[in-house]
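One letter stands for each residue in the lines below.
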Amino acid sequence: MHKNKLFVIVVMIFYQTNIFCQEKSLGFYFQAEYSAMFLDEHIGNAVGVSIGITTKNRKWDFGIRTYGRSGPINQGQVYDLVLEEGVTYKGKSVIQVANDHGYLGLEIAYNLKLNADRLVIRFPISFGQFGAGFYLLDDDRITPDGRRVNEWEDELQEGNDAGFGLLSEFGGQVIYQLIPNNRYLNLFAGLTYTNTYGYESFLGEEDFYNNKLRGSIGIRVGF
Amino acid sequence: MNVKLSLIVLIIGFVVAQIEAQSYIGLSVGTSKNDNHLETFWYQYQLSKRFNVGVQLRYSGIKYRFVNARAIENGNTTFVGAVLGFKIKESENYRLDINLTTSYRYLSNDENPELPASTSGLELDPNIVFGIRLSGNLYFHSGAMFRTAMQFGDEPIYDEQLPASAIVLNGISIRKNRSMFSLRTYAGPMNGATGDTEKFFWQFSLGYQYAFGVSQSSALPFFNF
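What you see is a predicted model; the values in this text were computed from it and never measured.

Enquirer: I would appreciate a short explanation of the overall build of chain A in the present structure.
Expert: In terms of regular secondary structure, chain A is built from two helices and nine strands. Starting at the N terminus, the α and β elements of chain A follow one another as α-β-β-β-β-β-β-α-β-β-β. For chain A, buried positions account for 38% of its 223 residues. Taking all contacts inside chain A whose residues are at least 6 apart in sequence as the whole, residues at least 24 apart take part in 63%.

Enquirer: Just checking my understanding: could you explain the interface of chain A and chain B for this structure?
Expert: By a frequent convention, interface size equals the accessible area lost on bringing the separate parts together. Contacts between the two partners involve 29 residues from chain A and, on the opposite side, 25 residues from chain B. Only strand E1 (27-38), strand E2 (43-54), strand E3 (60-69), strand E5 (94-113), helix H2 (149-156), strand E8 (182-197) and strand E9 (212-222) of chain A provide two or more residues apiece to the side of chain A that touches chain B. By residue class, the composition of the side of chain A that touches chain B is 17 nonpolar, nine polar and three charged.

Enquirer: I tried to follow the nonpolar core on my own but got confused; where do I start?
Expert: Within soluble globular proteins, side chains that are nonpolar generally end up buried alongside one another. Ile-132, Ala-144, Ile-167 and Val-168 of chain B are the most contacted members of the largest nonpolar core, which totals 42 residues. A per-element tally of this core places E1 of chain A first, with five residues. Ranked by size, the runner-up nonpolar core spans eleven residues in total, among them Ile-95, Ala-98, Trp-152 and Leu-156 of chain A.

Enquirer: Before we go on, may I ask you to explain the environment of Pro-126 of chain B in this structure?
Expert: All names here are of chain B. Counting through the fold element by element, Pro-126 comes out in strand E8 (residues 118-133). For Pro-126, a count of 17 C-beta atoms within 10 Å gives the class partly exposed. With 76 residues separating them along the chain, Pro-126 and Arg-50 place their C-alpha atoms 17 Å apart. Setting aside its immediate chain neighbours within four residues, Pro-126 contacts Leu-100 and Phe-146.

Enquirer: Can you help me understand H2 of chain A in this one?
Expert: One full turn of an α-helix is made of 3.6 residues, so residues set three or four places apart face in the same direction. All names here are of chain A. Turning to H2, its buried residues are Val-149, Asn-150, Trp-152, Glu-153 and Leu-156. Seen from one end, H2 has its buried residues packed into an arc of 155 degrees, which puts them on one side. Looking at the packing, one finds that the buried side of H2 touches strand E4 (78-82) and strand E6 (119-136). Of the residues one or two after H2, Glu-158 is the one with positive phi, at around 55 degrees.

Enquirer: Hey, could you run me through the environment of Pro-189 of chain B in this one?
Expert: As for its placement among the helices and strands, Pro-189 of chain B is situated in strand E13 (residues 179-191). Along the chain, Pro-189 of chain B and Phe-201 of chain B lie twelve residues apart, while their C-alpha atoms are 6.1 Å from each other.

What counts and what doesn't
- Sequence order as written defines the numbering, with residues in each chain counted from 1.
- Each chain takes a letter, starting from A, and each ligand takes a number, starting from 1, following the order in which they are written.
- This being a predicted model, a pLDDT of at least 70 is required before a residue's local features are given, and a value of 80 or more before pairs of side-chain atoms are given or counted; all residues contribute to the totals for chains, interfaces and linings.
- Put simply, DSSP H or I for four residues or longer makes a helix, DSSP E for two residues or longer makes a strand, and each gets a number counted from the N terminus.
- A residue is called partly exposed when the number of other C-beta atoms within 10 Å of its own lies between 12 and 20, exposed at 12 or fewer, and buried at 20 or more, with C-beta atoms placed from the backbone.
- The contact criterion used here is simple: two residues whose C-beta atoms, placed from the backbone, lie within 7 Å are in contact.
- For this classification, the nonpolar set comprises Ala, Val, Leu, Ile, Met, Phe, Trp, Tyr, Cys and Pro, the charged set comprises Asp, Glu, Lys and Arg, and every other residue, Gly included, is treated as polar.
- For this analysis, nonpolar core means a set of buried Ala, Val, Leu, Ile, Met, Phe, Trp, Tyr and Cys residues linked through C-beta atoms within 7 Å.
- The arc under discussion is defined with respect to the helix axis, by the directions toward the C-beta atoms.

In structure tokens form, the structure reads like this:
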């Protein structure tokens, strides 16, 4: 009897060990993206990444998401800063300024594998903090008194040239395996709905980035 | 012989003395938002299957950098850096690495006499790189870099460059026997520099790496050159 028990235990141990060996390990994903932010006055260009781990069954992603709308890749997207009466900057009472933005947050996504071998639908949500501000352009960055340009940007916008807030977004992405026998390299396209909380600056009203859509395309790599 | 030159000679001497099995030596040239041209020499030594260490030397001609957080467009920089590399996972078809490059930076300002003629600083370039074998000798690399740069001295500036978000890294490499040719690109938002900001960073580099003692098959293709 004891021999039988021992036999069963040994077999179960080998069985469990074998199962353990066949399990996939945790995965890794990295998504580099270009996105178009559908703002009120402009379509803002942004660059960013998502990076993190994927569960053993490859259904869930946990990571961070970060992207930024940077001034130099949004040429021509300028805003008029109208100075108070009697105030001028280099002889001008209206100055054109640019806007930039950066976001960093946590990301969770569910990956829905479709019957089509090379397609996955991904449903990411993200929550974190962002900041956005307005800055002087071109020759206006050379200040008339040699002081740092951010001091002038602060003064001209009543100390409120930039603001910070919380941001949440959710959406869907279609992931397409680029090469038939290589699941490590994929393309993706998606659409995200963004809400912000608590952001405000001198020129950027509360809804500047709130209640907006963001479309993105990019590369996903991982295992 | 000044300190800068002494350091360079010392590091080259060290590299020459250490060249042996499981080591790599490389040279790259490139251009970036910061520099009209930048040339990097590096040496990598494989400590174990997972860990490698290295040194890198870099010289660049300035296009847009900062002295006391004010932009200058004329001058040059010299970097002396140490690289730590950690391989997280590797299979026949992919490889995942984390690297940290820490570089001392000496900057010569040839433009604005109202600012110091030179500054010292530090650049930290942690990055994560995922490489995929596309075909026999052709690899695609994608990842992110999170650069932080600071200036020391009389006017320390600790936010000279800060990542507004990650800098996206993409590259390809072609390997043949002991040689490897690489193309690497960076692009992404960059914040910082009290009083001025980088706003957006980009860089293109072409590199060549030679392996001593082993093939390039398991080599990390390049550092943060």
